[in-house]
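Listed below are the residues making up each chain.
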Amino acid sequence: MNRTRFLAAFLFLVQFACAQTAPPADLATIQQNFKKLEVLGSVLYIAAHPDDENTRLLAYLAQEKHYRTGYLSMTRGDGGQNLIGNEQSELLGLIRTQELLAARRVDGAEQFFTRANDFGFSKGPDETLKIWDKEKVLGDVVWVIRKFRPDVMICRFPTTGEGGHGHHTSSAILAQEAFIAAADPKRFPEQLQYVQPWQARRLLWNTFNFGSTNTTSPDQFKIDVGVYNATLGKGYGELAAESRSNHKTQGFGSARQRGESFEYFKTILGDAPKTELMDGVNTTWDRVKGGEAIAADVKKIRKDFETDHPDRSVKALVALLTKVEKLPASYWKDQKEQEVTNMITACAGLWVEAYTTEPAYALGEQMNIRSQLISRYGLNISLSGLTVLQHPDNADNASAAFMPPIARYELPVAERDKLIPANELQTFTNDCIAGKISQPYWLESAHAIGTYNINNAGEAGNPENPDAPTVEFKFLVEGNPITITRKLMYKYVDPAKGEIYQPVEITPPVTANIAGHVYIFNSHQPQNIQVKLKSFKKSATGSLHLNLPEGWKASPENISFKDKNKGNEWVENFTITSLTNAQNGLAEMQVSIDSDPHKYNYEIKEIHYDHIPNITLFPPAQAKLIDLNLKIAGKKIGYINGAGDLVPEALKQVGYDVHQLTENDIINGDLSGYDAIITGVRAYNVNERLAYEQPKLLEYVKNGGNLVVQYNNNAGLVTKQIGPYPFKPVNQRVTDENATVTILDKQNPVLNYPNLITSNDFSGWVQERGLYFVNDIDPQYKAVLQMNDAGEAPNNGSLITGNYGEGRFIYTSLAFFRQLPAGVPGAYRLFINLLSKPKNTPLN
């Protein structure tokens, strides 16, 4: 087959979700989709974060009632904690995005987002909506409503605060305002060249009974969502558990629930339902002009369907598609055209996919694509064309506004419209030019604390890049044209796991990863900076240099490279010197790569977990340089891993010798050689063996050691007493990173040795001061600091110290796990003090 080269074209898709490779075509899926063909209704569920959604209700609405069901999460969960790794912030948001998509593949709903960033716990909606830039996020909610056109909207939380989190309350406030604004052509009129105003019938609050907060009542409208689906062989409590268990970064593995289970609802806006959620909404084909005859056809096709011969329904489904295509233009016409096309594909045994032969291609490089198909029953099906990286035929005006040129692969005349033989795999090989770096669209540019920048307004709402590479297969089925779209993937075979699909990566020609993201310069001593480069193209040639602000010097100024092959990795070294005399100065360094004759400034980050697809992104290649007056005492540190953090890397950067301690090290080793031992964040929540190891750690303290325990969640502790004397972690925190810090114990060594800590050391903190503070503090501890959010009582549970035998025990709820990777100077100075036990002086 001839090959053709062309520029990869990308665009905004009508559907928010990208096309999938070979969706399920089993009998249960076919039968469920037959039922869905008869239903023309939609529900949009709205909350704040990944895990806020009611998965049992979503599964029930999508799989039992067969409504088009969506979940709009205001954020991607970027500000939470990670129980399975050390990714934080945007990286954690990327993982949780994929966890939500995995959950939706189980419960059958669709997934949407706004541009709002999860900036951490917020105690009220006023703070949240100010930081989020309310009007922009409200515009995103309105956009999703106008695109999705829900008949019913459902909030997870109320506007009155029972949700316990400012983001939760804000999601309800935005839902209420958007319910009205989406129907008002005067609100966000710039959207109306692509979408039309939409008025949902009603907005409900899905009331709840969480812990001590019960907002349900017998007089509320209720639905039993615990029913059994015989087609699926599961109840919705079982499906919900499978869906929710995808939230692995949050430790939300769930047991399957079976039997009756009621969900309760309170009407917020619109008329109240009396007997059905969709009371007053016509969810039959009668809501579409000319739909009555189609409804009858659907019923007949479903009645005549033969489970042993799905192919015998194809002719009738093709005739049905022809009738649907002749309907007047409407939202439901577009939806049902796609559903019928999917049914034809499944019943015809028509399988198609497109994949690349390599995992990554550099921008401008030729991509090798294999498109495969098989017609399992040998029906009257022929391939009329392949369109690589193009929009679906049903693109609407909103999509057309963002449409780049089309790139098409032409079939040879001999292959065109030729009947596809029965059950013979057909493979077509063609090439294209990689045209756009596969960067998550919301991370393409720097953003404020509360919202991501979306450079293309039409991308709002999408869980993933809507312009990701796709391939369209155009067929004639029984003489009727249909189009099947598949996302372009990389496919390979793993000897242990079998056939694996992963996203194909389009990369910069060369990436540059700086060894660290924070460099501490103490006493102006020069430091070696390692830059690891990787070539993604053949014969990469160019040079790199460091962009430094005034007062800093790099040697050498430039380093050249030549004829690097694809896949080559190498390391270059620079020596950086601070020329200033300023203390606690902060600067930013960037790597610049000159190549072909463009300039690039990207590193590559890869995230790999078995439960989600691989994630690759290309942040700016940069690092923070901190000219810091920092004194260090001690050298050897033991670290016990917790839920995942980057504290060990930060300590190594300032010169500590950090050892990751195993159980054998703790139980059988000599701990006396460690100047301090640290437990990672939430270690006493996730490491069950700490209950067994705890006596050895306290013995280490008693014999003169220094144990520093970082914060733990109050729920699920593996031991009741973490320290030598009692205290209790509680769900109290200070979320304002600029909250005033009062020093309670000025003479405490942790504030004096080896660095003198003052109020200036609490400037420039990020996201929060601390979380899960302690109370019921035994008198043998000393509380060192006091702080509080506005309008709250002072809290002294962020940092406590206590002597035990010859040693010292420290518990801190301060968010060092965020501050140190962010390069906060004062956090470094204070944390170093926690690790530094004075000799032959009182400890507190």
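Residues numbered from 1 in each chain as written. Predicted model: local features only at pLDDT ≥ 70, side-chain atom pairs only at ≥ 80, totals over all residues. Heavy atoms only, no water.

Secondary structure summary: the protein chain contains 17 helices and 46 strands in total. Scaling as 2.2 N^0.38, a compact globule of 844 residues should have a C-alpha radius of gyration of about 28 Å, and the protein chain matches this with 30 Å. Judged by the C-alpha coordinates and their principal axes, the protein chain covers about 90 × 75 × 55 Å. Counting the 844 residues in the protein chain, one finds 57% classified as buried. Contacts spanning at least 24 positions in sequence make up 77% of the contacts within the protein chain whose residues lie at least 6 apart. (Helix = DSSP H or I, 4+ residues; strand = E, 2+ residues; numbered from the N terminus. Rg over C-alpha atoms; globule rule 2.2 N^0.38 Å. Buried < 20%, exposed > 50% of the residue type's maximum accessible area, 1.4 Å probe, protein only. Contact = heavy atoms within 4.5 Å.)

Moving on: the sheet that holds strand β26 (residues 527-535). Pairing within the open sheet is antiparallel, and its 4 strands lie in the order β24-β26-β30-β28. Taken across any chain shown, the strands that pair with only one partner, and hence form the sheet edges, are β24 (510-514) and β28 (552-555). Sheet twist, expressed as the mean angle between neighbouring strand axes with direction ignored, is 30°. Pairing analysis gives 5 bridges linking β24 to β26, with the strands arranged antiparallel. Within the sheet, the bridge partner assigned to valine 510 lies in β26 and is serine 535. (Pairing = 2+ DSSP bridges. Axes fitted to C-alpha atoms, helices over the stretch in contact; angles between N-to-C directions.)

On to the sheet that holds strand β1 (residues 42-47). On the basis of which strands lie adjacent, the open sheet formed by 7 strands has the order β3-β2-β1-β4-β5-β11-β8 and mixed pairing. Each of the sheet's edge strands pairs with one partner strand only, and the pair in question is β3 (110-113) and β8 (221-224). Ignoring which end each strand starts from, the neighbouring axes of this sheet average 30° apart. With 4 bridges connecting them, strand β4 (residues 152-155) and strand β5 (residues 202-207) associate as parallel partners. By the bridge assignment for β5, cysteine 155 is matched with tryptophan 205.

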